[in-house]
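Examining the three-dimensional arrangement
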Amino acid sequence: MSIFITEETVEGADDGPLAGTTVAVKDNISTAGMRTTCGSAMLDDYVPPYDATVVERLKEAGADIVGKTNMDEFGMGTTTETSAFGPTENPVAEGRVPGGSSGGSAAAVAAEEADLALGSDTGGSVRCPAAFCGVVGIKPTYGLVSRYGLVAYANSLEQIGPFGATVEETAALLDVIAGPDEHDATTREEGADSNYAAAADGDVDGLSIGVPTELVEGADEGVVETFYDALDELESQGATTHEVSLESVEYAVQAYYVIAMSEASSNLARFDGVRYGQSGGYDGNWNEVFGTAREEGFGAEVKRRVLLGTYALSAGYHDKYYKQAQDARAWVKQDFDEALSEADVLASPTMPVPPMELGESLSDPLKMYLADANTVPVNLADLPAISVPAGETDGLPVGLQLVGPAFGEETIIRAASALD
Amino acid sequence: MSDTEATPDDVRHVAELARVDLDEDEVDEFADQFADILDYFDALDEVPTVERESDLVNVMRPDEVREGLSQAEALSNADETEDGYFKGPNVS
């Protein structure tokens, strides 16, 4: 069970803030001349003709890329088991999943196969594997990091984010990739001259932490205990905590999946086997040929999401699913804004459960979706969040998630660094 | 129960719209799973209408010619090409 799909080295510039540092890159981030599969048989032999902006920035910063990491197919999964290249085992929890969808990237850092790694987070795909593998992961504010060269799954939700063994190292990687990019019109001026690494000073004296009860109540008992122990630690360093309520998050998983599946059904329409990807041949009607290419190239979870997204957008159902999901998204945003007007950060367990056993979750997709309950609201609200190791329950890693206001990366990095 | 139960025919219909061929086992499995998932999505009916913030503005840039991929680069991942073009199946 492998961490990498492709193990090849690309050396970065001689000088730079990341000189001498090794970085693993999720296999949905384009690397010029290096195979980029998205964990899919569809793109088994796809070699991008250009680098993603974040890859260019890595090289300029002196980082050496050591390979492309395993992932759920097109980012669709919470365990890295939907990969067409087989699962990855959790390096710190034998027989368990590393989380997903950026499971290979988190595992690479946890197994010390790379100093740092890049993943992408559409509904928790950086924070979940960070929590499960006992490393640090950041989902940046929407618009902080360029998505140019990231193979799109759900554009309105996803961000590329960094992994590291410590908060400071992870923040230093964010410094390299953050900031405006003329190739991605959703990037903003924020992050241009960032120094997030300097914010990792561990100073939480006077920090106000809101704890959304809805994100704690449903979690596994051992996870909750470990979470409160970590909060106690932050309080002992001068932080204060209070409970907050986010009524809307009860609808966040539903809203997230309707929006993500709808966007996926449109994004993945490009895979018809003509310009790239698995070909369906040339005989017969084009609709039939495309149907064949997509039957052979896509795995079950990708088909499920493309079909459900097509259904949610189809005539007669658009208002029922897509429009209501957008209403729920606006409500979630409003709820977070209100809670963050009375707290510096919001804290919850990153995942409501410890890492699942390999093979446990594949048969029941809905059960797998529900595991994303604490991470998807943050993507719906476009906010930044970090997952930092909080401790263990029965020898299994537990992550603490801290959510901040838009472009408040420094605040969550500072808070998380108190647990390093 | 869901107002919109997913039948195997529904699954076949969206699969056709999405251009994804399915075998019969997949159709039956998806029909069962879709019923559960759509049932779960029904909770969205309870979401109140929220006034959405509309402080978004269009961001425009001048439409200037810039360097892009060469023809050879653009074609490099195509299974088949002809005379510098992508080759696709017949359009009926």
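Our subject is the structure that appears above.
About the thresholds
- Residues numbered from 1 in each chain as written.
- Chains lettered and ligands numbered in written order.
- Predicted model: local features only at pLDDT ≥ 70, side-chain atom pairs only at ≥ 80, totals over all residues.
- Heavy atoms only, no water.
- Helix = DSSP H or I, 4+ residues; strand = E, 2+ residues; numbered from the N terminus.
- 1 Å grid on protein atoms, 1.4 Å probe; cavity = no way out; pocket = protein on both sides within 12 Å on 5 of 7 lines; lining within 4 Å.
- Points joined across faces, edges and corners; volume = space filled by probe spheres on them.
- Nonpolar A, V, L, I, M, F, W, Y, C, P; charged D, E, K, R; others polar.
- Contact = heavy atoms within 4.5 Å.
- Buried area = accessible area lost by both parts, 1.4 Å probe.
- Salt bridge = Lys/Arg side-chain N within 4 Å of Asp/Glu carboxyl O.
- Polar contact = N/O pair within 3.5 Å; in protein donor to acceptor, adjacent residues only side chain to side chain.

Turning to unusual backbone geometry, a few remarks are in order. Residues and elements named next belong to chain A. Following G100, the chain continues into S101 via a peptide bond in cis, with omega recorded as 10°. Inspection of the secondary structure assignment puts S101 in the loop between β3 (64-69) and α2 (103-110). A positive phi angle, near 70°, is found at T80, a position not held by glycine. Here T80 is to be found in the loop between β3 and α2. One non-glycine residue, D382, lies in positive phi territory at about 65°.

What follows concerns the layout of surface pockets. Residues and elements named next belong to chain A. There is about 1,100 Å³ of room inside the largest pocket. Considered class by class, the residues forming the lining of the largest pocket number 14 nonpolar, 8 polar and 10 charged. The space that makes up the second largest pocket amounts to roughly 490 Å³. Lining the second largest pocket are 24 residues; nearest its centre among them are Y50, G149, L150, V151 and R270. Of the residues that constitute the lining of the second largest pocket, the class distribution is 13 nonpolar, 6 polar and 5 charged.

Our focus in this paragraph is the interface of chain A and chain B. Across the boundary between the two partners, chain A contributes 58 residues, which contact 45 residues of chain B. Here chain A packs against chain B, burying approximately 4,800 Å² in sum over the two surfaces, 64% of which is carbon and sulfur. When the buried surface of chain A facing chain B is broken down by residue, Q254(A), Y282(A) and L307(A) rank first, second and third, together holding 15% of it. Across the contact surface, chain A and chain B share 4 salt bridges. Measuring nitrogen to oxygen at the nearest pair gives 3.0 Å for the salt bridge that ties E26(B) to K303(A). On inspection of chain A and its partner chain B, the count reaches 16 residue pairs in polar contact (both at pLDDT 80 or more).

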